[in-house]
Amino acid sequence: MNEAHKVRELLTRLPELHGLQKLPVMNELLDLADDADQDEIGKSFINSGLKPIFDVCKLGDFKEENSESEHILLRRKALKVISLLIEEDLLQSSLVEQGVLPIILRIIYHSPPTTERRSAVRSLWFITENAILRDEVIKLIDGRKEWDDAKINILSNPVSVEEKDWFLAILKFLGFIPFTPASGTVFYDNLEDFPFVKDLEAKYSVIKQEFQFLFDKLVAWPEKYLCQKGWDVFGLYAFQNKLDHNCKLCPETSKALENVPGMVTAMFSCLQPKTHIKPHTGYYQYSEKILRCHLAIKVPSGCVLKVNGIERTWQEGKCMIFDDTFYHEAWNKSNELRVVLMIDFMYSRSDKCMKPNQSLGSKDDIALISKDLLETLNSYGKTENFKEKPIGYTPSITN
(Lines give C-alpha, C1' and ligand atoms only; values in the text may rest on other atoms or scores of the structure.)
Protein backbone atom coordinates (compact mmCIF):
# COMPACT_ATOMS: atom_id res chain seq x y z
CA MET A 1 0.00 0.00 0.00
CA ASN A 2 1.49 3.36 -1.00
CA GLU A 3 1.58 6.24 1.45
CA ALA A 4 -1.34 8.16 -0.09
CA HIS A 5 -3.57 5.09 0.21
CA LYS A 6 -2.29 4.58 3.74
CA VAL A 7 -3.46 8.09 4.70
CA ARG A 8 -6.97 7.35 3.44
CA GLU A 9 -7.10 4.00 5.22
CA LEU A 10 -5.97 5.46 8.55
CA LEU A 11 -8.39 8.39 8.40
CA THR A 12 -11.22 5.95 7.71
CA ARG A 13 -10.25 3.76 10.68
CA LEU A 14 -9.70 6.54 13.20
CA PRO A 15 -13.38 7.25 14.07
CA GLU A 16 -14.02 3.53 14.68
CA LEU A 17 -11.48 3.35 17.50
CA HIS A 18 -11.88 4.43 21.13
CA GLY A 19 -9.54 5.95 23.70
CA LEU A 20 -5.91 4.97 23.43
CA GLN A 21 -6.75 2.60 20.56
CA LYS A 22 -6.46 5.75 18.44
CA LEU A 23 -2.87 6.41 19.50
CA PRO A 24 -1.05 4.03 17.10
CA VAL A 25 -3.13 5.39 14.21
CA MET A 26 -2.33 8.96 15.22
CA ASN A 27 1.39 8.08 15.36
CA GLU A 28 1.23 6.72 11.81
CA LEU A 29 -0.67 9.78 10.58
CA LEU A 30 1.92 11.99 12.23
CA ASP A 31 4.74 10.22 10.40
CA LEU A 32 2.87 10.62 7.11
CA ALA A 33 2.07 14.30 7.75
CA ASP A 34 5.79 14.89 8.14
CA ASP A 35 6.01 14.12 4.41
CA ALA A 36 3.06 16.34 3.44
CA ASP A 37 5.39 18.37 1.22
CA GLN A 38 5.18 15.40 -1.14
CA ASP A 39 2.26 16.33 -3.37
CA GLU A 40 0.34 13.04 -3.30
CA ILE A 41 0.52 12.68 0.48
CA GLY A 42 -0.65 16.23 1.15
CA LYS A 43 -3.50 15.86 -1.33
CA SER A 44 -4.50 12.54 0.24
CA PHE A 45 -4.98 14.19 3.64
CA ILE A 46 -7.14 16.90 2.09
CA ASN A 47 -9.15 14.65 -0.23
CA SER A 48 -9.83 12.10 2.50
CA GLY A 49 -11.28 14.77 4.77
CA LEU A 50 -9.76 15.93 8.05
CA LYS A 51 -12.84 15.67 10.28
CA PRO A 52 -11.50 12.56 12.09
CA ILE A 53 -8.40 14.53 13.14
CA PHE A 54 -10.46 17.60 14.05
CA ASP A 55 -12.67 15.39 16.24
CA VAL A 56 -9.60 14.16 18.14
CA CYS A 57 -8.70 17.81 18.81
CA LYS A 58 -12.03 18.23 20.59
CA LEU A 59 -11.58 15.33 23.03
CA GLY A 60 -11.70 15.92 26.77
CA ASP A 61 -11.52 18.97 29.00
CA PHE A 62 -9.02 21.61 27.88
CA LYS A 63 -8.40 22.63 31.49
CA GLU A 64 -7.39 19.13 32.49
CA GLU A 65 -4.08 19.24 34.37
CA ASN A 66 -2.88 15.65 33.92
CA SER A 67 -0.48 16.07 31.02
CA GLU A 68 -0.36 12.31 30.45
CA SER A 69 -4.12 11.76 30.17
CA GLU A 70 -5.26 9.94 27.06
CA HIS A 71 -7.20 12.97 25.80
CA ILE A 72 -4.20 15.28 26.05
CA LEU A 73 -1.88 12.72 24.46
CA LEU A 74 -4.25 12.30 21.51
CA ARG A 75 -4.93 16.01 21.12
CA ARG A 76 -1.19 16.73 21.01
CA LYS A 77 -0.77 14.21 18.20
CA ALA A 78 -3.71 15.63 16.26
CA LEU A 79 -2.47 19.19 16.66
CA LYS A 80 0.98 18.18 15.48
CA VAL A 81 -0.56 16.64 12.35
CA ILE A 82 -2.50 19.85 11.70
CA SER A 83 0.61 21.96 12.31
CA LEU A 84 2.64 19.95 9.79
CA LEU A 85 -0.08 20.21 7.15
CA ILE A 86 -0.51 23.96 7.69
CA GLU A 87 3.19 24.51 7.03
CA GLU A 88 2.49 23.62 3.41
CA ASP A 89 1.21 26.76 1.67
CA LEU A 90 -0.67 24.78 -0.96
CA LEU A 91 -2.78 22.99 1.70
CA GLN A 92 -3.72 26.02 3.81
CA SER A 93 -6.81 27.11 1.89
CA SER A 94 -8.22 23.57 1.89
CA LEU A 95 -7.59 23.24 5.63
CA VAL A 96 -9.47 26.47 6.27
CA GLU A 97 -12.32 25.36 3.99
CA GLN A 98 -12.62 22.11 5.96
CA GLY A 99 -12.92 23.98 9.25
CA VAL A 100 -9.49 24.07 10.86
CA LEU A 101 -9.77 27.66 12.12
CA PRO A 102 -12.52 27.06 14.73
CA ILE A 103 -10.49 24.11 16.06
CA ILE A 104 -7.33 26.20 16.42
CA LEU A 105 -9.16 29.14 17.97
CA ARG A 106 -10.98 26.91 20.46
CA ILE A 107 -7.65 25.64 21.75
CA ILE A 108 -6.19 29.15 21.89
CA TYR A 109 -9.25 30.37 23.80
CA HIS A 110 -9.58 27.56 26.32
CA SER A 111 -6.24 25.82 26.73
CA PRO A 112 -3.91 26.77 29.61
CA PRO A 113 -0.26 27.64 28.83
CA THR A 114 0.76 24.24 27.47
CA THR A 115 2.39 22.81 24.38
CA GLU A 116 -1.13 22.41 22.95
CA ARG A 117 -1.72 26.13 22.99
CA ARG A 118 1.77 26.76 21.65
CA SER A 119 1.08 24.42 18.73
CA ALA A 120 -2.26 26.13 18.02
CA VAL A 121 -0.66 29.59 18.06
CA ARG A 122 2.04 28.38 15.67
CA SER A 123 -0.63 27.05 13.28
CA LEU A 124 -2.54 30.33 13.39
CA TRP A 125 0.71 32.17 12.65
CA PHE A 126 1.15 30.18 9.43
CA ILE A 127 -2.44 30.92 8.38
CA THR A 128 -2.32 34.66 9.08
CA GLU A 129 0.97 34.94 7.21
CA ASN A 130 -1.11 34.08 4.13
CA ALA A 131 -2.80 37.32 3.03
CA ILE A 132 -5.47 35.39 1.15
CA LEU A 133 -6.70 33.80 4.40
CA ARG A 134 -6.44 36.74 6.83
CA ASP A 135 -10.01 37.85 6.17
CA GLU A 136 -11.27 34.42 7.25
CA VAL A 137 -9.51 34.80 10.60
CA ILE A 138 -10.88 38.33 11.09
CA LYS A 139 -14.44 37.07 10.53
CA LEU A 140 -14.10 34.56 13.36
CA ILE A 141 -12.38 36.74 15.95
CA ASP A 142 -13.90 40.17 15.32
CA GLY A 143 -15.59 41.41 18.50
CA ARG A 144 -15.08 38.14 20.37
CA LYS A 145 -14.31 38.52 24.07
CA GLU A 146 -12.47 35.18 23.97
CA TRP A 147 -9.97 36.68 21.52
CA ASP A 148 -9.35 39.68 23.75
CA ASP A 149 -8.85 37.39 26.74
CA ALA A 150 -6.49 35.18 24.74
CA LYS A 151 -4.35 38.18 23.81
CA ILE A 152 -3.89 39.04 27.48
CA ASN A 153 -3.23 35.43 28.52
CA ILE A 154 -0.69 34.64 25.82
CA LEU A 155 1.25 37.89 26.00
CA SER A 156 1.36 37.92 29.81
CA ASN A 157 1.97 34.20 30.30
CA PRO A 158 3.51 32.66 27.17
CA VAL A 159 4.57 29.03 27.05
CA SER A 160 7.81 30.11 25.39
CA VAL A 161 9.46 33.10 23.77
CA GLU A 162 8.54 31.61 20.40
CA GLU A 163 4.84 31.48 21.27
CA LYS A 164 4.87 35.15 22.23
CA ASP A 165 6.74 36.11 19.06
CA TRP A 166 4.31 34.11 16.90
CA PHE A 167 1.34 35.76 18.56
CA LEU A 168 2.79 39.25 18.15
CA ALA A 169 3.34 38.46 14.47
CA ILE A 170 -0.30 37.32 14.20
CA LEU A 171 -1.46 40.61 15.70
CA LYS A 172 0.69 42.53 13.20
CA PHE A 173 -0.56 40.49 10.24
CA LEU A 174 -4.16 41.13 11.30
CA GLY A 175 -3.57 44.84 11.85
CA PHE A 176 -4.01 44.89 15.63
CA ILE A 177 -0.48 46.18 16.12
CA PRO A 178 0.57 49.13 13.94
CA PHE A 179 3.39 48.44 11.51
CA THR A 180 6.54 50.41 12.31
CA PRO A 181 7.85 51.55 8.94
CA ALA A 182 11.51 51.89 8.09
CA SER A 183 12.70 55.34 7.09
CA GLY A 184 13.23 56.39 3.51
CA THR A 185 11.27 56.93 0.31
CA VAL A 186 9.07 53.92 -0.48
CA PHE A 187 6.98 54.92 -3.50
CA TYR A 188 8.21 57.45 -6.05
CA ASP A 189 5.01 59.22 -6.95
CA ASN A 190 6.49 62.06 -8.95
CA LEU A 191 6.75 60.06 -12.16
CA GLU A 192 7.84 63.14 -14.11
CA ASP A 193 11.27 62.46 -12.60
CA PHE A 194 11.35 59.30 -14.76
CA PRO A 195 10.76 60.34 -18.42
CA PHE A 196 10.67 56.73 -19.65
CA VAL A 197 7.36 56.21 -17.82
CA LYS A 198 5.44 58.30 -20.34
CA ASP A 199 6.77 56.17 -23.21
CA LEU A 200 5.95 52.90 -21.42
CA GLU A 201 2.41 53.99 -20.65
CA ALA A 202 1.92 55.14 -24.26
CA LYS A 203 2.81 51.62 -25.42
CA TYR A 204 0.57 49.89 -22.87
CA SER A 205 -1.91 48.59 -25.45
CA VAL A 206 0.69 46.99 -27.72
CA ILE A 207 2.56 45.53 -24.72
CA LYS A 208 -0.69 44.03 -23.42
CA GLN A 209 -1.45 42.63 -26.88
CA GLU A 210 1.97 40.97 -27.12
CA PHE A 211 1.51 39.41 -23.69
CA GLN A 212 -1.68 37.67 -24.86
CA PHE A 213 0.47 35.20 -26.82
CA LEU A 214 2.73 34.27 -23.88
CA PHE A 215 0.33 32.46 -21.52
CA ASP A 216 1.64 28.99 -22.40
CA LYS A 217 5.26 30.13 -22.00
CA LEU A 218 5.13 31.32 -18.40
CA VAL A 219 7.45 29.60 -15.91
CA ALA A 220 7.24 29.38 -12.13
CA TRP A 221 9.41 31.77 -10.13
CA PRO A 222 12.12 29.57 -8.51
CA GLU A 223 12.07 30.94 -4.94
CA LYS A 224 9.39 28.62 -3.57
CA TYR A 225 9.80 29.85 -0.01
CA LEU A 226 8.14 33.09 -1.17
CA CYS A 227 5.33 31.44 -3.11
CA GLN A 228 4.99 27.70 -3.54
CA LYS A 229 2.70 27.98 -6.56
CA GLY A 230 0.99 30.70 -8.56
CA TRP A 231 3.78 33.24 -9.18
CA ASP A 232 4.73 32.82 -12.84
CA VAL A 233 6.98 34.93 -15.01
CA PHE A 234 8.16 35.46 -18.57
CA GLY A 235 11.69 36.83 -18.52
CA LEU A 236 13.02 39.37 -21.01
CA TYR A 237 16.22 40.68 -19.40
CA ALA A 238 18.09 39.16 -16.48
CA PHE A 239 20.77 41.34 -14.87
CA GLN A 240 21.47 43.14 -18.20
CA ASN A 241 21.53 39.82 -20.02
CA LYS A 242 19.05 39.95 -22.90
CA LEU A 243 17.00 36.78 -23.32
CA ASP A 244 16.99 36.94 -27.11
CA HIS A 245 14.43 34.23 -27.83
CA ASN A 246 11.90 35.68 -25.42
CA CYS A 247 12.43 39.24 -26.61
CA LYS A 248 11.76 38.19 -30.21
CA LEU A 249 8.32 36.99 -29.14
CA CYS A 250 7.38 40.49 -27.99
CA PRO A 251 9.51 42.90 -30.05
CA GLU A 252 7.60 46.10 -29.21
CA THR A 253 7.87 45.38 -25.50
CA SER A 254 11.57 44.69 -25.89
CA LYS A 255 12.04 47.93 -27.82
CA ALA A 256 10.24 49.89 -25.10
CA LEU A 257 12.45 48.34 -22.43
CA GLU A 258 15.62 49.33 -24.26
CA ASN A 259 14.56 52.95 -23.84
CA VAL A 260 14.54 52.67 -20.05
CA PRO A 261 17.84 54.21 -18.85
CA GLY A 262 19.85 51.81 -16.73
CA MET A 263 17.40 48.93 -17.22
CA VAL A 264 18.93 45.73 -15.84
CA THR A 265 16.10 43.22 -15.37
CA ALA A 266 12.62 42.96 -16.89
CA MET A 267 9.87 40.36 -16.98
CA PHE A 268 6.15 39.87 -17.10
CA SER A 269 5.21 38.94 -13.53
CA CYS A 270 1.91 37.10 -13.08
CA LEU A 271 -0.04 36.22 -9.95
CA GLN A 272 -2.57 33.45 -10.37
CA PRO A 273 -5.94 33.71 -8.55
CA LYS A 274 -5.80 33.36 -4.74
CA THR A 275 -2.02 33.71 -4.69
CA HIS A 276 0.18 35.47 -2.14
CA ILE A 277 3.88 36.38 -2.34
CA LYS A 278 5.20 36.47 1.22
CA PRO A 279 6.95 39.51 2.74
CA HIS A 280 10.57 39.77 1.60
CA THR A 281 13.23 42.28 0.66
CA GLY A 282 15.23 42.58 -2.51
CA TYR A 283 18.64 41.05 -3.02
CA TYR A 284 21.54 42.43 -1.01
CA GLN A 285 24.03 44.42 -3.13
CA TYR A 286 21.58 44.36 -6.04
CA SER A 287 18.40 46.06 -4.85
CA GLU A 288 20.27 48.88 -3.13
CA LYS A 289 21.36 50.00 -6.58
CA ILE A 290 18.01 49.85 -8.39
CA LEU A 291 14.39 50.95 -8.24
CA ARG A 292 11.53 48.76 -9.43
CA CYS A 293 8.85 49.85 -11.88
CA HIS A 294 5.57 48.01 -12.46
CA LEU A 295 3.54 48.73 -15.60
CA ALA A 296 0.11 47.29 -14.80
CA ILE A 297 -1.09 45.07 -17.66
CA LYS A 298 -4.10 43.29 -16.13
CA VAL A 299 -5.31 44.02 -12.60
CA PRO A 300 -8.62 42.63 -11.31
CA SER A 301 -10.03 43.89 -8.03
CA GLY A 302 -8.55 42.35 -4.89
CA CYS A 303 -4.91 42.77 -5.95
CA VAL A 304 -2.56 44.64 -3.61
CA LEU A 305 1.13 45.51 -3.35
CA LYS A 306 2.23 46.24 0.23
CA VAL A 307 5.62 47.92 0.74
CA ASN A 308 6.93 48.99 4.14
CA GLY A 309 3.39 48.78 5.54
CA ILE A 310 1.85 50.90 2.75
CA GLU A 311 -0.80 49.21 0.60
CA ARG A 312 -1.25 50.23 -3.03
CA THR A 313 -3.12 48.75 -5.91
CA TRP A 314 -2.25 49.02 -9.59
CA GLN A 315 -4.09 50.91 -12.31
CA GLU A 316 -4.03 49.24 -15.70
CA GLY A 317 -1.86 51.10 -18.18
CA LYS A 318 -0.09 53.08 -15.44
CA CYS A 319 3.33 52.73 -13.84
CA MET A 320 4.22 52.44 -10.18
CA ILE A 321 7.81 52.86 -8.94
CA PHE A 322 9.01 51.68 -5.54
CA ASP A 323 12.10 50.71 -3.59
CA ASP A 324 12.23 46.95 -3.02
CA THR A 325 14.88 47.14 -0.31
CA PHE A 326 11.87 47.59 2.00
CA TYR A 327 9.87 44.55 3.04
CA HIS A 328 7.12 44.01 0.52
CA GLU A 329 4.48 41.46 -0.39
CA ALA A 330 1.74 41.11 -2.99
CA TRP A 331 -1.51 39.22 -3.24
CA ASN A 332 -4.32 38.46 -5.65
CA LYS A 333 -7.60 37.63 -3.92
CA SER A 334 -9.57 37.61 -7.16
CA ASN A 335 -10.48 34.73 -9.47
CA GLU A 336 -8.53 36.21 -12.38
CA LEU A 337 -4.89 36.57 -13.39
CA ARG A 338 -2.92 39.67 -12.36
CA VAL A 339 -0.13 40.76 -14.74
CA VAL A 340 2.48 43.51 -14.47
CA LEU A 341 5.57 44.26 -16.54
CA MET A 342 8.30 44.43 -13.89
CA ILE A 343 11.40 46.52 -14.62
CA ASP A 344 14.47 47.07 -12.47
CA PHE A 345 16.57 50.09 -13.41
CA MET A 346 19.72 51.56 -11.89
CA TYR A 347 19.15 54.38 -9.44
CA SER A 348 21.45 55.88 -6.85
CA ARG A 349 20.61 57.81 -3.71
CA SER A 350 22.10 58.11 -0.25
CA ASP A 351 19.19 56.69 1.75
CA LYS A 352 19.09 53.38 -0.15
CA CYS A 353 21.23 51.09 1.99
CA MET A 354 20.48 47.47 2.86
CA LYS A 355 21.88 45.61 5.81
CA PRO A 356 23.92 42.44 5.24
CA ASN A 357 21.29 40.30 7.01
CA GLN A 358 18.96 41.04 4.11
CA SER A 359 21.20 38.96 1.84
CA LEU A 360 19.82 36.55 -0.72
CA GLY A 361 22.01 33.69 0.44
CA SER A 362 20.78 33.11 3.99
CA LYS A 363 20.80 29.60 5.39
CA ASP A 364 17.01 29.39 5.00
CA ASP A 365 16.95 30.63 1.42
CA ILE A 366 20.04 29.24 -0.22
CA ALA A 367 18.75 25.73 -0.90
CA LEU A 368 15.54 27.06 -2.44
CA ILE A 369 17.08 29.23 -5.12
CA SER A 370 18.38 27.89 -8.41
CA LYS A 371 22.16 27.58 -8.47
CA ASP A 372 22.55 29.76 -11.56
CA LEU A 373 20.41 32.52 -10.09
CA LEU A 374 22.35 32.55 -6.84
CA GLU A 375 25.74 32.55 -8.58
CA THR A 376 24.63 35.28 -10.97
CA LEU A 377 23.51 37.48 -8.10
CA ASN A 378 26.64 36.83 -6.06
CA SER A 379 28.76 37.85 -9.02
CA TYR A 380 26.60 40.69 -10.20
CA GLY A 381 26.13 42.15 -6.73
CA LYS A 382 29.77 43.13 -6.51
CA THR A 383 30.22 46.87 -6.82
CA GLU A 384 32.70 46.62 -9.68
CA ASN A 385 30.15 44.67 -11.73
CA PHE A 386 27.43 47.28 -11.31
CA LYS A 387 28.46 50.02 -13.71
CA GLU A 388 26.99 51.49 -16.84
CA LYS A 389 27.32 48.71 -19.38
CA PRO A 390 25.56 48.01 -22.67
CA ILE A 391 22.23 46.19 -22.45
CA GLY A 392 23.72 42.97 -23.77
CA TYR A 393 26.29 42.68 -21.00
CA THR A 394 26.34 39.21 -19.46
CA PRO A 395 27.63 38.79 -15.90
CA SER A 396 29.91 35.80 -15.43
CA ILE A 397 28.38 32.60 -14.12
CA THR A 398 30.40 29.71 -12.74
CA ASN A 399 28.72 26.45 -13.74
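Below you will find a few notes about this structure. (Residues numbered from 1 in each chain as written. Predicted model: local features only at pLDDT ≥ 70, side-chain atom pairs only at ≥ 80, totals over all residues. Heavy atoms only, no water.)

Ordered in space as S5-S10-S7-S8, the four strands form an open sheet in which the pairing is antiparallel. Each end of this open sheet is capped by a strand with a single partner; those strands are strand S5 (275-280) and strand S8 (310-312). The average angle at which neighbouring strand axes cross in this sheet is 15 degrees, direction not considered. (Pairing = 2+ DSSP bridges. Helix = DSSP H or I, 4+ residues; strand = E, 2+ residues; numbered from the N terminus. Axes fitted to C-alpha atoms, helices over the stretch in contact; angles between N-to-C directions.)

As enumerated under the stated definition, the model contains 24 salt bridges in all. For Arg312, the salt bridge identified is with Asp189, shortest N-O distance 3.0 Å. Taken as a pair, Arg312 in strand S8 and Asp189 in the loop between helix H11 (161-173) and helix H12 (196-202) lie far apart in primary sequence, 123 residues in all. Of the residues examined, Asp189 reaches a relative accessible area of 54% and is grouped as exposed. (Salt bridge = Lys/Arg side-chain N within 4 Å of Asp/Glu carboxyl O. Buried < 20%, exposed > 50% of the residue type's maximum accessible area, 1.4 Å probe, protein only.)

Our next topic: helix H8 (residues 115-129). Compared with an ideal rise of 1.5 Å per residue, which puts 15 residues at 21 Å, H8 spans 21 Å between its outermost C-alpha atoms and is within 8% of the ideal. Burial within H8 is extensive, with twelve of its 15 residues counted as buried. Considered for burial, the residues of H8 that qualify are Glu116, Arg117, Ser119, Ala120, Val121, Arg122, Ser123, Leu124, Phe126, Ile127, Thr128 and Glu129. (Expected span 1.5 Å × (residues − 1).)

What follows deals with the nonpolar core. It is characteristic of soluble globular proteins that their nonpolar side chains tend to be buried jointly. Formed by 55 residues in total, the largest nonpolar core has its most connected members in Leu29, Phe45, Ile53 and Trp147. The contact partners of Leu29, leaving out residues within four places of it in the chain, are Val7, Leu10, Leu11, Leu14, Phe45, Ile53 and Val81. Listed in part, the 33 residues of the second largest apolar core include Phe196, Leu200, Leu214 and Ile321. (Core = buried A, V, L, I, M, F, W, Y, C linked by side-chain atoms within 4.5 Å. Contact = heavy atoms within 4.5 Å.)

No statement about biological role is implied by the geometric values presented.
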